[in-house]
Amino acid sequence: MNSDPLWAIFLNACLINNFVLAYFLGICPFLGVSGKLATATRMGGAVTFVMVVSSMSAFGINSLLLMIDAPYLKLISFIAVIASTVQLVEMFIKKMSPALFRALGIFLPLITTNCAILGLALFQTNKGYGLLQSFVYALGAGAGFTLALVLMAGLREKLELAKTPDIVKGTVITLVLAGLLSVCFMGFAGLSN
Amino acid sequence: MCPVLAVTNTAKNALAMGLATAFVLIMSNLVVSSLRRYVPKQVRIVTFILVIATFVTIVDYLIQAISLELHKALGAFISLIVVNCLILGRAEAFASKNGIYRSLLDGLGMGVGFIMALLCLGVVREILGSGSLFGLQLFGEGYQEWIIMLLPPGGFFTLAGWLLLFNWLAKRRERRANSTGKESIS
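Residues numbered from 1 in each chain as written. Chains lettered and ligands numbered in written order. Predicted model: local features only at pLDDT ≥ 70, side-chain atom pairs only at ≥ 80, totals over all residues. Heavy atoms only, no water.

Describing the overall build of chain A
Per the secondary structure count, chain A includes nine helices and zero strands. When the helices and strands of chain A are read in sequence order from the N terminus, they spell out α-α-α-α-α-α-α-α-α. For chain A, whose C-alpha radius of gyration is 18 Å, the value lies close to the compact-globule estimate of 16 Å for 193 residues. Within the span of chain A, comprising 193 residues, buried residues form 47% of the whole. (Helix = DSSP H or I, 4+ residues; strand = E, 2+ residues; numbered from the N terminus. Rg over C-alpha atoms; globule rule 2.2 N^0.38 Å. Buried < 20%, exposed > 50% of the residue type's maximum accessible area, 1.4 Å probe, protein only.)

So this is what it looks like as structure tokens:
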């Protein structure tokens, strides 16, 4: 059992070990959907939501697997459960709140193959977090993801107006930008002491 | 794409990661293409993911058995091969429609390409970041290491650099093709 205080877990997941910029998880949506600020915010919300839900279910599965002494089934059951949870959540939201469903739209199915979700589930088991700790960890990771996505979207909207040489347009300049952002986030490492 | 940047801070890690991914790619292509007649269309994605997850678990335990040190360096990123878009993409786009032999070759080709891409990143990052290649010291004592290349930002920068190079080559080829085209007209 891990005994880190809750605020430390949150800060750690959100800033110091930001999932996108320090662990390289969820790069695909990070580069794919960060073109516009509005979409980035929604995507961040959707990912945070799914993260919290799947982290809770991953905690449940892990305790069950430990009980029946079958840790080698961890990966398979995680991925199956995350995929079906996302499906379930999608159906639930569609039924309960069509407005929210329209807002999240196509992002929900995309999230299933987002490695940040599975990574979160794996890291939380590796670190041996309890139920409440997992919840806070998921919240922090989601907040960090949203933060990175929104920052990136803001920068890229500005970049549209800037004069860039033809050769670096598109992916190259985006990657350099991500690198610089990652350098900035490394500054938060000082917080951990 | 995600694990690509995370583990390629030395050439050795990059090679190990590439080999692991290629193995999973080949095996899952093989199984998916041999099962393709028996899997109903509605549940195919789930089936593919479960097949992939099985092989990833095998690789995970295999690496742990071969080298504990390497397993520690790669960490959770071996498990994350499951969500690598490349593998699921090949299973869906190629292996589910073609025969076993062709799927095997496709997996082999894709795997070798992936290993080469990872090595490109890993070699550059290791040479600049720690002045060595596969643990072999390249430069003299006075070499000032670029620590940043080993850290996450270095991954982004290296990938950006390679893309820049390829963009430039493509552009140059285009320009050459244009200029020779004009000459032949005149």
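Some words on the overall build of chain B
From N to C terminus, chain B includes eight helices and two strands. Listing each helix as α and each strand as β along chain B from the N terminus yields α-α-α-α-α-α-β-β-α-α. When the 186 residues of chain B are sorted by exposure, 41% land in the buried category. Within chain B, contacts between residues separated by at least 24 positions form 69% of all contacts whose residues are at least 6 apart in sequence. Carbon and sulfur atoms provide 67% of the accessible area of chain B, an area that totals close to 9,900 Å². (Contact = heavy atoms within 4.5 Å. Areas by Shrake-Rupley, 256 points an atom, 1.4 Å probe, with all protein chains shown as cover.)

Digging into a positive patch on the surface
A cluster of like positive charges, contributed by B:Lys171, B:Arg172, B:Arg173, B:Arg175 and B:Arg176, occupies part of the molecular surface. Of the residues examined, B:Arg172 reaches a relative accessible area of 31% and is grouped as partly exposed. (Patch = residues over 30% accessible without salt bridge, like charges linked within 9 Å, V, L, I, M, F, W, Y side chains within 5 Å. Salt bridge = Lys/Arg side-chain N within 4 Å of Asp/Glu carboxyl O. Lys, Arg positive; Asp, Glu negative; His and termini not counted. Charge placed at Lys NZ, Arg CZ, Asp CG, Glu CD.)

Structural notes on the packing of helix H2 (residues 11–35) of chain B against helix H3 (residues 44–66) of chain B
The description of two helices packed together rests on the angle between their axes and the distance between the axes. All names here are of chain B. Viewed as axis vectors pointing N to C, H2 and H3 meet at an angle of 140°, and their least axial separation amounts to 9 Å. With respect to H3, the element H2 is oriented oblique. Our pair here, H2 against H3, has a crossing hand that is right-handed. Taken together, the residues of H3 that come into contact with H2 (itself represented by Ala 20, Phe 23, Val 24, Met 27, Ser 28, Val 31 and Val 32) are Phe 48, Val 51, Ile 52, Phe 55, Val 56, Val 59 and Ile 63. Of the residues that constitute the contact of H2 with H3, the class distribution is 13 nonpolar, one polar and no charged. (Axes fitted to C-alpha atoms, helices over the stretch in contact; angles between N-to-C directions. Parallel < 35°, antiparallel > 145°, perpendicular 65-115°, else oblique. Left-handed = near helix turned anticlockwise from the far one by under 90°. Nonpolar A, V, L, I, M, F, W, Y, C, P; charged D, E, K, R; others polar.)

What to know about the side chain of A:Thr146
All names here are of chain A. You can see Thr 146 is positioned in helix H8 (residues 131–161). Judged by its relative accessible area of 18%, Thr 146 is buried. Those residues in contact with Thr 146 that lie beyond four places of it in its chain are Gly 44, Gly 45 and Thr 48.

Section: the interface of chain B and chain A
Across the contact, 32 residues belong to chain B and 36 residues belong to chain A. For the pair chain B and chain A, the summed buried surface comes to about 2,900 Å²; carbon and sulfur atoms form 87% of the total. Our count for the contact surface shared by chain B and chain A stands at zero salt bridges. Our enumeration of links across chain B and chain A arrives at zero residue pairs in polar contact (both at pLDDT 80 or more). Of all the secondary-structure elements, those providing two or more residues to the side of chain B that touches chain A are helix H1 (2–7), H3, helix H5 (85–95) and helix H8 (152–185) of chain B. Its residues assigned to classes, the side of chain B that touches chain A shows 27 nonpolar, four polar and one charged. (Buried area = accessible area lost by both parts, 1.4 Å probe. Polar contact = N/O pair within 3.5 Å; in protein donor to acceptor, adjacent residues only side chain to side chain.)

Here's the deal with the environment of B:Ser79
Examined against the element boundaries, B:Ser79 turns out to sit in the loop between helix H4 (68–74) and H5. Not counting chain neighbours up to four residues away, the residues in contact with B:Ser79 comprise A:Leu75, A:Leu118, A:Leu122, B:Val56 and B:Asp60.

Thoughts on a nonpolar patch on the surface
Residue and element names in this part refer to chain A. Where nonpolar side chains cluster on the molecular surface, the patch consists of Leu 6, Trp 7, Phe 10, Leu 11, Leu 132, Phe 135, Leu 139 and Leu 191 and spans about 730 Å² of accessible area. At the level of elements, helix H1 (6–16) and H8 are the ones that each hand at least two residues to the nonpolar patch. Per element, the largest residue contribution to the nonpolar patch is four residues, and it comes from H1. Turning to its location among the elements, Leu 11 is positioned in helix H1. We classify Leu 11 as partly exposed; its relative accessible area is 31%.

A few points about the packing of aromatic side chains
Enumeration over the complete set of coordinates arrives at two aromatic pairs over all chains. Measuring from centroid to centroid gives 5.2 Å for A:Tyr129 and A:Tyr137, while their planes differ by 70°, and the two rings are edge-to-face. Take A:Tyr129 and A:Tyr137: they sit in the same class, and that class is buried. One residue, B:Arg172, lies across the ring of B:Trp168, its end atom 5.1 Å from the ring centre. (Phe/Tyr/Trp six-rings, centres within 6.5 Å; stacked < 30°, edge-to-face > 60°. Lys NZ or Arg CZ within 6 Å of the ring centre and 35° of its normal.)

Here we look at the confidence of the model for chain B
Averaged over all residues, the pLDDT of chain B is 79; the fraction at 70 or higher stands at 88%. The least confident element of chain B is strand S2 (residues 136–137) of chain B, whose mean pLDDT is 68; the most confident is H2(B), at 85. (pLDDT = per-residue confidence, 0-100.)

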